[in-house]
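# Descriptive structure summary
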Amino acid sequence: MTVRAGDALPPLRVPITRTLIVAGALASRDYQDVHHDAEAAKEKGSPDIFMNILTTNGLVGRYVTDHFGPRARLRKVAIRLGAPNYPGDEMVLRGEVTSVADGAVEVAVTGANGIGNHVTGTVTVRLPDADAPRTDVPAASSAGPAVSAAPAEDPR
Amino acid sequence: MTGERTAGEAAPGEPPKPPERRDPQEQHRLDERLKSFEGRTAVADGEGRDPVNEPMIRHWCEAMGDTSPAYPEIAPPTMLQAWTMGGLAGHPVGSTRTSAYDELFGLLDDAGCTSIVATDCEQEYLRPLRPGDRVRFDAVIESVSPRKNTALGSGYFITTRMDIRVGTDLAGTHRFRVLKYAPTRRSPRPEPSPTGAAKAARPRPVVNRDNEGFWEGVAAHRLLLQRCTGCDTLRFPWLPGCGRCGSPEWETAEASGRGTVFSHVVMHHPPFPAFEPPYAVGLVELVEGVRMVSGITGVPYDKVRIGMPVELEFLRVEDAKGSMELPVFRATAEEAV
């Protein structure tokens, strides 16, 4: 897989359901009522429940690793939230490679919903070919075949 | 701290609003006091409530739709913060947050900033977390912004930086910014809900000098057409002159009420408050030869067919604006499903 600055990742459409918002909040151990209780959210000035930042973070990470494959390792995820993700909306994640250096790829990610940009951020991911000498990856992957082929064949 | 941004940028959407009226001296004193928390410890040697474990990893992957085979052998790196969360029960009292952190949040609550929303999260992952790892963490209050006006309300951005360790290894760093704010009251979000739709009144006919005869007919349960007295052409809808010969002279003719569906559409979108989609709207050709747009009743919306025989009926509508009657067309018995 040859990665170049300017490469675009295919967009990922994420329907923002109540189920996703609540499941994401609970999976991240976040019991703030604004992420599961619509009445409480209204009391606090929000029109409805909204997605928590940990879920957004998880979705952004998944978006990038879905593209680069299971042997790519996230090194850094930095996100800023804007328009909240309310139920019934849809978020479209898009990414563009902004730099490639020593096996580390930096991707600029945006997630737009019906109101505006829910998230803007930067993700740094290390591709497996640069990981060969590392000891912190599972043995199976460091012993694998030519590492550069793995992510490109990922059918997703 | 380095990297401090104009905190107002993080406000969802809109431009900053003019500041609210406050005693400037009092505001200054509060800002100074809040600022003094910068550099203080927010969490001292906190301990993750659970060791890194496969069930929590699996629940996370299910929620995120993440099917990567890399998990659960390692935890998704973006779970970093999840391992530090107190959950529903919270961390045991006094075990995690320092008094400085509680004091800062107490001051903000007292200043009316009772709501909280996260705006930024910056994480670096230095070592993968694996099932069985026990995480410990420390956090420092990096910065407290001056009071900012945002689309959500007026408040303060607080940035903390957390180091997450497993034994002596630094597993990751987590910089987190929240807005602690006094919520602005706002009107509820409008949403096209089916329950709301049922309560909304239907639009009323616009009755004017040209068509009042038609509506008088409807009130008397008669479907009246116009017939040009110059050329005998029937017409509908009601108009002041004949479309064929231009004559302004006309008389009424009562329609039999029988006809067929000439064409139809099914409305799905956009929703209109008084109607619950999907529903069929027909173009009915009367046996007299004129066509009318009207509702088709007595048949599911997806069973309406071109050529289907229909018969006039009057639909009585009772809603928030009172009652009225409308001519609609019912699929006749032999065609009804």
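One can find the structure itself at the top, above this paragraph.
Residues numbered from 1 in each chain as written. Chains lettered and ligands numbered in written order. Predicted model: local features only at pLDDT ≥ 70, side-chain atom pairs only at ≥ 80, totals over all residues. Heavy atoms only, no water.

## Some thoughts on helix H3 (residues 99-110) of chain B
Residue and element names in this part refer to chain B. Over its 12 residues, H3 extends 16 Å from the first C-alpha to the last, a length consistent with the 16 Å expected when each residue adds 1.5 Å. What H3 keeps buried is the set Ala-100, Tyr-101, Leu-104, Phe-105, Leu-107 and Leu-108. Relative to the axis of H3, the buried residues are bounded by an arc of 155° and lie together on one face. Counted as exposed and oriented over 90 degrees from the buried face of H3: Ser-99 and Asp-110. Next to the buried residues of H3 lie helix H1 (24-35), strand S1 (41-47), strand S2 (115-125), strand S3 (135-144), strand S5 (153-166) and strand S6 (169-183). Gly-112 sits one or two positions beyond H3 and adopts a positive phi of about 90°. (Helix = DSSP H or I, 4+ residues; strand = E, 2+ residues; numbered from the N terminus. Expected span 1.5 Å × (residues − 1). Buried < 20%, exposed > 50% of the residue type's maximum accessible area, 1.4 Å probe, protein only. Arc of directions from axis to C-beta. Contact = heavy atoms within 4.5 Å.)

## Looking at the pattern of salt bridges
Counted by the stated rule, this structure contains 23 salt bridges over all chains. One salt bridge connects Asp66(A) with Arg62(A), and the closest N-O pair in it is separated by 3.0 Å. Residue Asp66(A) and its partner Arg62(A) are located together in helix H3 (residues 53-68), separated by four residues, close to a single helical turn. Look at Asp66(A) and you get buried, because its relative accessible area is 12%. Notably, a salt bridge pairs Glu122(B) with Arg175(B), separated by 3.2 Å at the nearest N-O pair. Of this pair, Glu122(B) sits in strand S2 while Arg175(B) sits in strand S6, placing them 53 residues apart in sequence. You can call Glu122(B) buried: its relative accessible area is 17%. Here the salt bridges do not stand alone but share partners, grouping Asp45(B), Glu47(B), Arg136(B), Asp138(B) and Arg165(B) into one network. (Salt bridge = Lys/Arg side-chain N within 4 Å of Asp/Glu carboxyl O.)

## Quick word on the sheet that holds strand S12 (residues 291-297) of chain B
Residue and element names in this part refer to chain B. As summarised here, the arrangement of the five strands in space is S10-S11-S12-S14-S13, forming a closed barrel in which the pairing is mixed. Taking the axes of each pair of neighbouring strands and ignoring which way they run, one obtains an average angle of 45° across the sheet. Taken together, the two bridges between S12 and strand S14 (residues 322-331) define a ladder with parallel strand orientation. Among the inter-strand pairings, Thr-297 is bridged to a residue of S14, identified as Arg-330. Helix H5 (residues 212-219) rests against S12, strand S13 (309-319) and S14 of the sheet, and its axis sits at about 85° to S14. (Pairing = 2+ DSSP bridges. Axes fitted to C-alpha atoms, helices over the stretch in contact; angles between N-to-C directions.)

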